[in-house]
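This is what each chain is made of:
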Amino acid sequence: MSLSPSPVPPPPPALPTVIVLAAGRGERFIASGGSTHKLAALLAGKPVLQHVLDAVQSSGLSHHVVEADVSRPGMGDSIADGVRATLDAAGWLILPADLPLVRGASLRAVADALRQHAVVMASYQGVRGHPVGFSAACRDQLLALTGNQGAASVIRAQEAINSVATLALDDVGVVTDIDTVDDLARAEALLAARQA
């Protein structure tokens, strides 16, 4: 009797990279009474940016942080730079660094849904949020971005060919961004309620 070798399982599908956008100036936060950049502001004793990076780490996805640089005047430029730095990625999840309550499971859910769609947008109770996932098919469009409009033009182009999905998530963190001191206080209350 001869034994045939067991079939080798296929490799797991490649996962997208999270592009953490940390290049904004945070002027509204300072104008609202903040004493530091919003990403350095403390939320439950930890900087806002660290909350975001902890969520990314818990997702198991690789990431790249795009930090402030005067050569990048807008969000579109930052997204293009992040994609350029990770050209071999299977796709990208665009995540502004001021969403400290986003859960790692939400990042992973968008990444998983991206296997079926060119663009996947996270939402909470009907409100669009972040991350927004882009498949590798969007690479050239993302690389061409400039200015302050982010990737809205890429989303519109993909909507025109029915390649966009909205993923409803039970995660207020996908829509809880920190732009003002009041936003930080609201996030603090939501985080305390989550941990209770």
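Model, not experiment: these values are computed from the prediction.

(A) Region of interest: the sheet that holds strand E8 (residues 164–168). If you trace the six strands from one edge of the open sheet to the other, you get E4-E1-E5-E7-E6-E8, paired in mixed fashion. At either margin of the open sheet sits one strand with a lone partner, and together these are strand E4 (63–67) and E8. Across the sheet, the axes of successive neighbouring strands diverge by a mean angle of 25°, strand direction being ignored. Examined bridge by bridge, strand E1 (residues 17–22) and E4 share five bridges and lie parallel to one another. From the neighbouring strand, Leu21 faces E4, where its bridge partner is Val66.

(B) Inspection of the packing of helix H2 (residues 48–59) against helix H4 (residues 104–113) at higher detail. Packing of H2 against H4 leaves a shortest axis separation of 7 Å and a crossing angle of 55°. The angle between the axes of H2 and H4 places the two elements in the oblique class. In terms of crossing hand, the pair formed by H2 and H4 is right-handed. The residues of H4 that touch H2, namely those facing Ala55, Val56, Ser58 and Ser59, are Gly104, Leu107 and Arg108.

(C) Here's a closer look at helix H6 (residues 152–160). Among all positions of H6, only Val154, Ile155 and Gln158 are buried. Summarising the axial view, the buried residues of H6 lie within an arc of 100°, below the 170-degree limit, and thus occupy one face. Opposite its buried face, H6 presents the exposed residues Arg156 and Ala160, each directed more than 90 degrees away. Considering only its buried residues, H6 is in contact with strand E6 (119–124), strand E7 (127–135), helix H5 (139–143) and E8.

(D) Representation of the pairing of E1 in the model. Taking burial as the measure, the six residues of E1 include six buried ones, the bulk of the element. Here E1 shows no split at all, with Thr17, Ile19 and Leu21 on one side and Val18, Val20 and Ala22 on the other all buried. Pairing analysis gives five bridges linking E1 to strand E5 (residues 91–96), with the strands arranged parallel. Looking at E5, one finds that Leu21 is bridged to Pro96.

(E) Structural view of unusual backbone geometry. The omega angle of the peptide bond from His130 to Pro131 is 10°, so this bond is cis rather than trans. As for its placement among the helices and strands, Pro131 is situated in strand E7.

(F) Seen up close, the side chain of His51. Along the chain, His51 falls in helix H2. Contacts of His51, omitting those with residues within four sequence positions, involve Leu43, Lys46, Pro100 and Leu191.

(G) The arrangement of the nonpolar core in detail. In this structure, Leu93, Leu95 and Leu107 are the most contacted members of the largest nonpolar core, which totals 33 residues. Elements represented by at least two residues in this core include exactly E1, H2, E5, H4, E6 and helix H7 (181–195). Of the residues forming this core, the biggest block, five residues, is contributed by H2. If we skip the residues at most four places from it in the chain, Leu95 touches Val18, Ile19, Val20, Leu21, Val52, Val56, Val102, Leu107, His130 and Pro131. Residues Leu21, Ala89, Val119 and Met121 belong to the second largest nonpolar core, which totals 20 residues.

(H) Geometry of H4. Buried within H4 we find Gly104, Ser106, Leu107, Val110, Ala111 and Ala113. For H4, the elements touching its buried residues are H2, E5, E6, E7 and E8.

(I) Just the pattern of salt bridges, in detail. Taken as a whole and assessed by the stated rule, the structure comprises 11 salt bridges. For Arg84, the salt bridge goes to Asp81, with nearest N and O atoms at 2.7 Å. Highlighted residues: Arg84 and Asp81, both in helix H3 (residues 75–85), separated by three residues, approximately one helical turn. Relative accessible area serves as the criterion here: at 43%, Arg84 is assigned to the partly exposed category. Since its relative accessible area comes to 25%, Asp81 is described here as partly exposed. A salt bridge links Arg103 to Asp171; the nearest nitrogen and oxygen atoms lie 3.9 Å apart. In this pair, Arg103 sits in the loop between E5 and H4 while Asp171 sits in the loop between E8 and H7, placing the two residues 68 residues apart along the sequence. The partly exposed category is assigned to Arg103, whose relative accessible area is 38%. Given the relative accessible area of 1%, Asp171 is considered buried. One network of salt bridges, in which partners are shared, links Arg28, Lys38, Asp98 and Asp179.

Procedures and definitions
- Residues numbered from 1 in each chain as written.
- Predicted model: local features only at pLDDT ≥ 70, side-chain atom pairs only at ≥ 80, totals over all residues.
- Heavy atoms only, no water.
- Pairing = 2+ DSSP bridges.
- Helix = DSSP H or I, 4+ residues; strand = E, 2+ residues; numbered from the N terminus.
- Axes fitted to C-alpha atoms, helices over the stretch in contact; angles between N-to-C directions.
- Parallel < 35°, antiparallel > 145°, perpendicular 65-115°, else oblique.
- Left-handed = near helix turned anticlockwise from the far one by under 90°.
- Contact = heavy atoms within 4.5 Å.
- Buried < 20%, exposed > 50% of the residue type's maximum accessible area, 1.4 Å probe, protein only.
- Arc of directions from axis to C-beta.
- Core = buried A, V, L, I, M, F, W, Y, C linked by side-chain atoms within 4.5 Å.
- Salt bridge = Lys/Arg side-chain N within 4 Å of Asp/Glu carboxyl O.

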